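# Architecture and fold: a report
In case you want the letters, here they are:
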Amino acid sequence: MVSVCFYFQVHQPHRLRKYHVFEIGNGGNYFDEEKNEAICRKVSEKCYLPANNLIYDLIHETDGRFKVCYSITGAVLEQFEKYYPKVTESFIDLVDTGLVELLDETYYHSLAFLYSEKEFMEQIELHRKQMKEIFNYKPRVFRNTELIYNNRVAQLAEKMGYDGVLAEGADRVLGWRSPNFVYRPTATEEIKLMLKNYRLSDDIAFRFSERSWEGWPLTADKFASWVSAVNGNGNVVNLFMDYETFGEHQWEDTGIFQFLKHLPRKILDGGNDFKTPSEVLSSYKPMAELDIHHIVSWADVERDLSAWMGNRMQQTAMEQLYGMEQEIKETGDYQLIEDWRKLQTGDHLYYMCTKWFNDGDVHKYFNAYDRPHDAFIAFMNVLADLKIRLRES
Amino acid sequence: MQKTIKILMFGWEFPPFNSGGLGTACYGLTRGLSRNNAEIVFVLPRASGVKNENYMKILNTAALDIDNGSIKFKTIDSILTPYLSSESYINERYNNTKIEVDEKLMYGEDLFSEVMRYSQEAKIIASKEEYDVIHCHDWLTFPAGIEAKKIAKMRGINTPLIAHVHATEFDRTAGNPNQAVYNVERHGMHKADAVIAVSNYTKNMVMNHYGIDGKKIHVIHNSIDYMPSYSSEEFKIKKHHKIVLFVGRMTIQKGPDHFLWIAKKIAEKDDNIRFVMVGSGDMFPFIVEEAANLGIGDKVFFADFMPQKDVERAYRMADVYVMPSLSEPFGITALESMKNGTPVIVSKQSGVSEIIKNCIIVDFWDINRIADNIINVLYDSDTRNKLVGGSMEEIKKFSWNEPARKCIQLYNSLILNKKPLPA
């Protein structure tokens, strides 16, 4: 028997306004409320609400044998609260079934791990608190932004009391090993590592509607047979993907909802089952130790940091931003700290990415700007304003 | 009373539909001409994206500013814009999704066939107009001017053709001209009865590179219509930082890369100075990335292309304006900056440096010296006050009447001296 573990990432950034050079020093109002609201509503209606409803129904139709897991960022929950509270309620209903697990991550979907462990842990604490407040839930498993991972992430997550951590099952860290087992990260005691099966995950997330792909059209039957093929060669198939896959990245007319609707029954009929990450961790022992020293992520073909840190614009933005940490925190100014943290969201850096090769299409689709340079300019103008506020406080 | 002169003028752009100094100059010159008893039919390309009636409405509103309503616009549908290269024309022609397919078919397959098509369209317009002189602004319009002269010839009149050179291919490409563009320029200048150069600097260029007799070249410097600018707008950034300004298209001609190197020098000495770069162009992405590469990404701010009223705000926000052009036929922005009370540092390789006194003139490549001068202007109050006071006083005498009168003089002498057509 193979277990299928679905984890969906739910996130929207606080997108920036085109902050003009003439406005530097005016203080505040950095975010494009109108656009953020429009996108929040659109994605909620196309994806979050219909997908939540479908999953709720599937849980009941399968008598609880279908189960899933979410990681919902603080940034998106703030936007639901402001623009579309119904979405939060819908997630609460799901969590209340007891068959939906929630993960912890950095509240602002940030890359803080790369620059400041202090800030990293503070943001995880913020997220923990938020999960408690909104869902009355205490996550047991941690995932870092964009599945950015190395041994250190696992060590910190263990220190913070988590049972498990998620990462990308990238070929270069696995080598001949399979992502379909649980592992033990190097230099940890108890914490376990779950790896994304990127082939099967991306078959749904990226290739589902790709007509030139040999697997097209992807049916629930076909996919279930691929999952079954793992029998004898693994315990668990980890399907990690953006939740927006359903209805947003893959539009409704591609048949993505129909696929999801039929998949649980097909998987169960094949003698396999669904597990949440915590269930996986309590069911399976680590197969081996996995030493991941160099950072991996789930982005692009490189599966490294180049989508956020690949050019000097991105590095400049990050260096400048994290260079302010101590001074910003010393002010104790809540608004200032919050604005600074909202700027840490990885999406701002992703928009500045200039590699337009294999992943160019994906980058363009997700980019709020025409040119990566415009993203850099808007970001740096806001940062200059933030610095002036810091000076004046 | 002087007789009214009728001018058939071919331009490329006119405010507010302009992306550079050529439109500004045409606007100023036509305004000056209309105040000097001239009637102008101004022919220009109308790019897609703006509906014809709206386009004319906006142009005519702009023209209201021009006395007597003595300017009429005629447009030719075309995707020609002043700062187009062969490559960027192809890109626009084939990749601009805003242009309808059937409309695209109308346009030339490459830049040169479009310029020729444009000149044929211009011929039709010319055949419906009466004119005493033909006045063309820069190379794209030269073939159109030649066609208009042919039309006049068919009527038995040897109408003078004037080629007004605002920039040559040598300026635009920092000395690496496109041969085909050069050929059109050269042919136009030779066919013209007179060439107007916007500076002595440009006159020399036209003599040396295009083989035009100096006697045929008339230097008429650009100008501005001085009006005191009153604004109480405060820029909060000024409480913390001094601002050094760049205004110009981000192309090799304007030296945006030199500006960054200057900024880098200054940033090494003074952490508090900030740099604002206004303008866009083919080098824009490179320049933005280069600022980050140089480690001054937090000190250089990019304002992209802005409408003129915002450019004026940028001058007022700045403490000093630097024009590090590699080759600048004139450089109207220097006058605009002075008008707004902001001192200027201009490249020696420019036309404007021939006619202003209260400015600092430098070699564009002399990064260290420019950096020192900037710091001096920012912090030495004697230097600063002298420059600001002097340039505010000096700029008051500027008006487009002066170049317009020189043009009229030139028209009259050409009309008087025109040779009869051979029988």
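Residues numbered from 1 in each chain as written. Chains lettered and ligands numbered in written order. Predicted model: local features only at pLDDT ≥ 70, side-chain atom pairs only at ≥ 80, totals over all residues. Heavy atoms only, no water.

### A look at the sheet that holds strand β3 (residues 71-77) of chain B
Residue and element names in this part refer to chain B. Judged by pairing direction, the sheet is parallel, and its seven strands sit side by side in the order β3-β2-β1-β4-β5-β6-β7 without closing on themselves. Sheet topology places β3 and β7 (217-219) at the edges, where each strand pairs with a single neighbour. Each strand axis lies, on average, 25° off the axis of its neighbour in the sheet, ignoring direction. Contacts from helix α9 (residues 200-210) reach β5 (161-165), β6 (194-197) and β7 within the one sheet, and its direction differs from that of β7 by about 165°. (Pairing = 2+ DSSP bridges. Helix = DSSP H or I, 4+ residues; strand = E, 2+ residues; numbered from the N terminus. Axes fitted to C-alpha atoms, helices over the stretch in contact; angles between N-to-C directions. Contact = heavy atoms within 4.5 Å.)

### Looking at the packing of aromatic side chains
Residues and elements named next belong to chain A. If you walk through the whole model with that rule in mind, you get 43 aromatic pairs over all chains. Where Tyr70 meets Tyr243, the ring centres are 4.9 Å apart and the plane angle is 75°; that geometry is what we call edge-to-face. Here Tyr243 lies in the loop between β8 (236-242) and α10 (256-269) and Tyr70 lies in strand β2 (residues 68-72), a separation of 173 residues in the sequence. The exposure classification of Tyr70 matches that of Tyr243, with both residues buried. (Phe/Tyr/Trp six-rings, centres within 6.5 Å; stacked < 30°, edge-to-face > 60°. Buried < 20%, exposed > 50% of the residue type's maximum accessible area, 1.4 Å probe, protein only.)

### A few points about helix α3 (residues 86-95) of chain B
If you check which residues of α3 of chain B are buried, you get Ser86, Tyr89 and Arg93 of chain B. What you see down the axis of α3 of chain B is that its buried residues fit within an arc of 60°, all on one side. (Arc of directions from axis to C-beta.)

### Some words on the interface of chain A and chain B
Chain A puts 23 residues into the contact, and the matching count from chain B is 26 residues. Of the roughly 2,100 Å² buried where chain A meets chain B, counting both sides, 63% is carbon and sulfur surface. Taken together, the connections running from chain A to chain B amount to three salt bridges. Residue Glu392 of chain A pairs with Lys239 of chain B through a salt bridge whose shortest N-O separation is 3.7 Å. Of all the secondary-structure elements, those providing two or more residues to the side of chain A that touches chain B are α13 (312-323) and α18 (372-392) of chain A. With 11 residues, the top contributor of residues to the side of chain A that touches chain B is α18 of chain A. Here the side of chain A that touches chain B is composed, by residue class, of nine nonpolar, eight polar and six charged. (Buried area = accessible area lost by both parts, 1.4 Å probe. Salt bridge = Lys/Arg side-chain N within 4 Å of Asp/Glu carboxyl O. Nonpolar A, V, L, I, M, F, W, Y, C, P; charged D, E, K, R; others polar.)

### Comments concerning the domain arrangement of chain A
How big an interface is tends to be reported as the loss of accessible area on association of its parts. All names here are of chain A. As far as domains go, chain A holds domain 1 (3-290) and domain 2 (307-392). At the junction of the two partners, domain 1 supplies 37 residues and domain 2 supplies 34 residues. For the pair domain 1 and domain 2, the summed buried area comes to about 3,000 Å², and 63% of that belongs to carbon and sulfur atoms. Where domain 1 packs against domain 2, one counts four salt bridges. In this structure, the salt-bridge partner of Glu122 is Arg341, at a minimum N-O distance of 2.8 Å. Counting across the domain 1 and domain 2 interface gives 19 residue pairs in polar contact (both at pLDDT 80 or more). Here the residues of the side of domain 1 that touches domain 2 are counted per class, giving 15 nonpolar, 12 polar and 10 charged. (Domains from an automatic or database assignment. Polar contact = N/O pair within 3.5 Å; in protein donor to acceptor, adjacent residues only side chain to side chain.)

### Here's the deal with the side chain of Arg15 of chain A
All names here are of chain A. Here Arg15 is to be found in the loop between β1 (3-10) and α1 (33-61). Summary of buried charges: Arg15 has no salt-bridge partner, and the nearest side chain of opposite charge, Asp347, is 6.2 Å away. At 2.5 Å, the side chain of Arg15 and the side chain of Gln12 are in polar contact. (Lys, Arg positive; Asp, Glu negative; His and termini not counted.)

### A word on the packing of helix α10 (residues 256-269) of chain B against helix α11 (residues 284-293) of chain B
When two helices pack together, you describe them by how their axes are tilted relative to each other and by the distance separating the axes. All names here are of chain B. Where α10 meets α11, the axes come as close as 10 Å, and the angle between the chain directions of the two elements is 15°. The orientation of α10 relative to α11 falls into the category roughly parallel. The two elements α10 and α11 meet at a crossing, and its hand is right-handed. Residues Pro256, Asp257, Leu260 and Trp261 of α10 form the contact with α11, whose participating residues are Phe286, Ile287, Glu290 and Ala291. Class assignment of the residues belonging to the contact of α10 with α11 gives a composition of six nonpolar, no polar and two charged. (Parallel < 35°, antiparallel > 145°, perpendicular 65-115°, else oblique. Left-handed = near helix turned anticlockwise from the far one by under 90°.)

### Structural notes on helix α6 (residues 142-154) of chain B
Residue and element names in this part refer to chain B. End to end, α6 covers 19 Å across 13 residues, agreeing with the expected 18 Å (1.5 Å per residue, within 8%). Counting buried residues along α6, 10 of its 13 residues qualify, which places the element largely inside the surrounding structure. Inspection of α6 places Phe142, Pro143, Ala144, Gly145, Ile146, Glu147, Ala148, Lys149, Ile151 and Ala152 among the buried residues, and these make up the whole buried set. On the buried face of α6, the contacting elements are β1 (5-10), α5 (111-127), β4 (133-137), β5 and α8 (179-191). Following α6 by one or two positions, Gly156 has its phi on the positive side, about 85°. (Expected span 1.5 Å × (residues − 1).)

### Considering the nonpolar core
Inside soluble globular proteins, nonpolar side chains tend to come together where they are buried. Counting residues in each nonpolar core, the largest one holds 111 residues, and the members touching the most others are Leu33 and Tyr411 of chain B. Among the nonpolar cores identified, the runner-up in size contains 96 residues, and Tyr162, Val165, Ile292 and Tyr351 of chain A belong to it. (Core = buried A, V, L, I, M, F, W, Y, C linked by side-chain atoms within 4.5 Å.)

### What about the sheet that holds strand β13 (residues 360-362) of chain B?
Residues and elements named next belong to chain B. Taking strand neighbours across the sheet as the criterion, the six strands line up as β10-β9-β8-β11-β12-β13 in an open arrangement whose pairing is parallel. Each edge of the open sheet carries a strand with a single partner, namely β10 (300-304) and β13. When strand polarity is set aside, the average angle formed by the axes of neighbouring strands in this sheet is 20°. Note that strand β11 (residues 320-323) and strand β12 (residues 344-347) share three bridges and pair parallel. Residue pairing across strands places Val322 opposite Ile345, the latter belonging to β12. Contacting β8 (242-247), β9 (273-278), β10 and β11, α10 crosses the sheet at an angle of about 170° to β9. Contacts from α11 reach β9 and β10, with the element oriented near 160° to β10.

### Comments concerning the domain arrangement of chain B
Residues and elements named next belong to chain B. Looking at the assigned domains, one finds that chain B contains domain 1 (5-224 + 400-417) and domain 2 (236-395). Look at where the C-alpha atoms of domain 1 and domain 2 centre, and you get two points 29 Å apart. With 22 residues of domain 1 at the contact, the number on the domain 2 side is 19 residues. A combined buried area of about 1,600 Å² lies between domain 1 and domain 2, and 67% of that area is made up of carbon and sulfur atoms. Where domain 1 touches domain 2, the interface holds zero salt bridges.

### Comments concerning the pattern of salt bridges
Residues and elements named next belong to chain B. Within the structure shown, the criterion is met by 58 salt bridges over all chains. Lys123 is the partner of Glu147 in a salt bridge, and the nearest nitrogen-oxygen pair spans 3.5 Å. Residue Glu147 is found in helix α6, and its partner Lys123 is found in helix α5; the two are separated by 24 residues along the sequence. On the basis of relative accessible area, Glu147 is assigned to the buried category, the value being 9%. Among the ionic pairs, Glu393 bridges to Lys396, the shortest N-O distance being 3.5 Å. Accessibility expressed as a relative area gives 53% for Glu393, which makes it exposed.

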